[in-house]
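# Summary of the model geometry
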Amino acid sequence: MLDLNRTMKNLKSEVDWLNLRFVTEKTTYRSVRDDKPDTNNINFDQGIMIEVIVNGHFGFSGTSDLSDSGIKRALQKAVAVAKAGSKHKVHDFSLAQRPASQGSYRSPVVKPLDSFSAKEIMDIFTAATSAMKLSDHIVSRSATAMIVETQVHSMSSSGADIAQNFSIVSTDYSATALKNGETQTRTDSGGLARCLQIGAEVFNRESILARCTRVAEEALELLDAENCPNTSMDLILAPDQMTLQVHESIGHPLEYDRILGDERNYAGWSFVKPEDFGSLQYGSKLMNVTFDPSISDAMASYAFDDSGLKAEKEYLIKDGKLLRGLGGLESQSRLGLPGVANSRSSSWNRAPIDRMANINLEPGTSSLEEMIAQTERGVFMMANKSWSIDDYRNKFQFGCEYAKLIENGKLTKTLKNPNYRGITVPFWSSLKAVSAARETYGSPYCGKGEPNQIIRVGHTNPFCLFENVEVFGA
């Protein structure tokens, strides 16, 4: 383990501010396909990011060479980058964008990840794929886990000292069924959507086997199901599909660096304008959306972002009105708008940028049963399968794995290939019921930034009922 105190004392440079961010990450992959071991490997990554402020401009340089000479060379590169960039800067930054915070964070863990051996996990996964073999029409079965253990220690010349330790497990159980040329795949709430900060308690054999049996049953059910109708009707989305709906149509358009145009060449822009904050009615009065890094098991919970800003729950949208966007201290200073602690980097070799973290729809007062009962004719869709959205995050089209038709207040037929489309603000304005119960999902693969950064996001959402949405089968 690198001693940041000693390293900081040994570095001599004429900079206005210096920060060291040391990251160690171990990623373990376990998977079983069709009752046979498929993947068993471990990746280990370690390095340090040197960050400086010179002449009101940031400079960054990362290195995996943790020797004194390697870190010194990285510092020299960071200083050179800052000096070169300061000649063309669009904004003057200061220590106000890098608070001298001190503190720590650790993921909530009941059972340490090393309390289960590789063999024990693979035995459970073998049983899981066996549980999915319900018929000869099931042609592929898989059980997968990605286990991530991350330690981040940051220390700055202005006195910041932050240590954060993350324990993250993403799992996926999948069955593919085939009959008469028709292929249908069902997963456990979407591919790798079950992403949590958690310990080995996630490998609960009884719970996994029960979910795998349901996954296989529903894959078989889809083979004989009718296509989703092409029409407009009321739509209920399960929390596992609300994850993508919130992520794409709320999270991304509210990122300040998109609004500033920083991301337009790659990840895209936003239909939201700076003057919309405080005035735009984004959705119905039932729409309350928060940035909340304090949900204990959500994938992107933390105590401080990578600028050192303390992470706290904030309302982005309240009673349907847009209040605040997703921007760290740099973007807040550039726009003159309040933001959140979401300046995040994917690892030691990337500079922090505005990222989603845990973006959630707050609970309502309905139950799923009440939503179904009040729907004369509609469709209930679950688990994301496909997505398409324009680079302004305005017009979208999403597909799900599985759906049920709702007729006269009751669930009736199973529907295959369910899809829906809409435009962000009109869609959210059609929200007419929100459940009190919520579920937490996420993604380990949110991509953005140049150079690219793949980062983890969490979403805790309720069941939601939307009025008169265009749905279709594909």
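Before reading further, recall that the structure is shown in the block above.
This report concerns the structure included in the present document. Model, not experiment: these values are computed from the prediction. (Residues numbered from 1 in each chain as written. Predicted model: local features only at pLDDT ≥ 70, side-chain atom pairs only at ≥ 80, totals over all residues. Heavy atoms only, no water.)

### A few points about the pairing of strand β2 (residues 36-54)
The sheet contact formed by strand β1 (residues 17-33) and β2 spans 17 bridges and is antiparallel. Looking at the pairing, Lys26 lines up with Phe44 of β2. Hairpin connection between β1 and β2: a loop of 2 residues separates the two successive antiparallel strands, and Asp34 in this loop has a positive phi of roughly 50°. Sheet analysis places β2 next to strand β3 (residues 57-63), joined by 7 bridges and oriented antiparallel. Bridging from a neighbouring strand, Ile53 pairs with Phe58 of β3. (Pairing = 2+ DSSP bridges. Helix = DSSP H or I, 4+ residues; strand = E, 2+ residues; numbered from the N terminus.)

### What to know about the packing of aromatic side chains
Each aromatic ring pair is characterised by the separation of its centres together with the angle its planes make. All chains considered together, the criterion is met by 18 aromatic pairs. Measuring from centroid to centroid gives 6.0 Å for Trp269 and Tyr392, while their planes differ by 25°, and the two rings are stacked. Remark: Tyr392 occurs in the loop between β17 (377-389) and β18 (395-407) and Trp269 occurs in the loop between α6 (256-259) and β11 (289-291); sequence separation between them is 123 residues. The class of Trp269 is partly exposed, set by a relative accessible area of 28%. (Phe/Tyr/Trp six-rings, centres within 6.5 Å; stacked < 30°, edge-to-face > 60°. Buried < 20%, exposed > 50% of the residue type's maximum accessible area, 1.4 Å probe, protein only.)

### Observations concerning helix α3 (residues 118-131)
Taking 1.5 Å of rise per residue, the 14 residues of α3 would be expected to cover 20 Å, and the 20 Å separating its terminal C-alpha atoms lies within 8% of that figure. Among the residues making up α3, those that are buried are Ile121, Met122, Ile124, Phe125, Ala127, Ala128, Thr129 and Ala131. Contacts made by the buried residues of α3 are with β1, β2, β5 (138-156), β6 (161-179) and α4 (205-223). (Expected span 1.5 Å × (residues − 1). Contact = heavy atoms within 4.5 Å.)

### A look at unusual backbone geometry
In most cases, non-glycine residues show a negative phi, while peptide bonds are predominantly trans. Cis peptide bonds are those with omega within 30 degrees of zero, and the linkage from Glu450 to Pro451 qualifies with 0°. With respect to the helices and strands, the residue Pro451 is situated in the loop between β21 (431-448) and β22 (453-473). Located in the positive-phi region is Arg393, a residue other than glycine, with phi close to 55°. Locating Arg393 in the fold gives a position in the loop between β17 and β18.

### A few points about the pairing of β18
Within β18, 10 of the 13 residues are buried, which leaves it mostly tucked inside the rest of the structure. Relative to β18, β17 runs antiparallel, the two being bridged by 11 bridges. Directly across from Asn384, in β18, lies its bridge partner Cys400. As consecutive antiparallel partners, β17 and β18 are separated by 5 residues, and within that stretch Arg393 has a phi angle of approximately 55°, a positive value. Sheet topology note: the β18/strand β20 (residues 418-423) ladder contains 5 bridges and is antiparallel. By the bridge assignment for β20, Phe396 is matched with Gly422. Across 4 bridges, β18 lies against strand β19 (residues 410-416) in antiparallel orientation. Directly across from Ile406, in β19, lies its bridge partner Leu411. The hairpin turn running from β18 into β19, its antiparallel successor, is 2 residues long, and Asn408 in that turn takes a positive phi close to 50°.

### Here's the deal with the sheet that holds strand β12 (residues 314-318)
Reading across from one edge, β13-β12-β11-β16 is the order of the 4 strands in this open sheet, with antiparallel pairing throughout. The outermost strands of the open sheet, each flanked by one partner alone, are β13 (321-322) and β16 (359-361). Strand direction decides the pairing type here: β11 and β16, joined by 3 bridges, are antiparallel. Within the sheet, the bridge partner assigned to Val289 lies in β16 and is Leu361.

### With respect to helix α5 (residues 239-251)
In a regular helix each residue adds 1.5 Å, so 13 residues correspond to 18 Å; α5 covers only 16 Å between its end C-alpha atoms and thus falls short of that length. Among the 13 residues that make up α5, 13 are buried, leaving the element largely enclosed by the rest of the structure.

### Thoughts on the packing of α3 against α4
In contact at an axis separation of 8 Å, α3 and α4 are set at 25° when each is read in the N-to-C sense. When the interaxial angle is binned, α3 and α4 end up roughly parallel. Considering only the axes of α3 and α4, their crossing is right-handed. Within the contact between the two elements, α3 uses Asp123, Ile124, Ala127, Ala128 and Ala131 and α4 uses Arg205, Ile208, Leu209, Cys212 and Thr213. (Axes fitted to C-alpha atoms, helices over the stretch in contact; angles between N-to-C directions. Parallel < 35°, antiparallel > 145°, perpendicular 65-115°, else oblique. Left-handed = near helix turned anticlockwise from the far one by under 90°.)

### Notes on the environment of Ala128
Within the secondary structure, Ala128 is located in helix α3. For Ala128 and Arg205, which are 77 residues apart along the polypeptide, the C-alpha to C-alpha distance reads 8.3 Å. If near-sequence neighbours (up to four positions away) are discounted, Ala128 is found in contact with Ala143, Tyr173, Ile208, Leu209 and Cys212.

### As for the pattern of salt bridges
Oppositely charged side chains may form a pair once their charged atoms are brought near each other. Scanning the entire structure with this criterion turns up 31 salt bridges. With its nearest N and O atoms 3.4 Å apart, the salt bridge here joins Glu218 to Arg214. Within this pair, Glu218 and its partner Arg214 are both found in helix α4, separated by 4 residues, close to a single helical turn. For Glu218, a relative accessible area of 12% translates into the label buried. A residue is classified by how much of its surface remains accessible, and Arg214, at 27% relative accessible area, is partly exposed. (Salt bridge = Lys/Arg side-chain N within 4 Å of Asp/Glu carboxyl O.)

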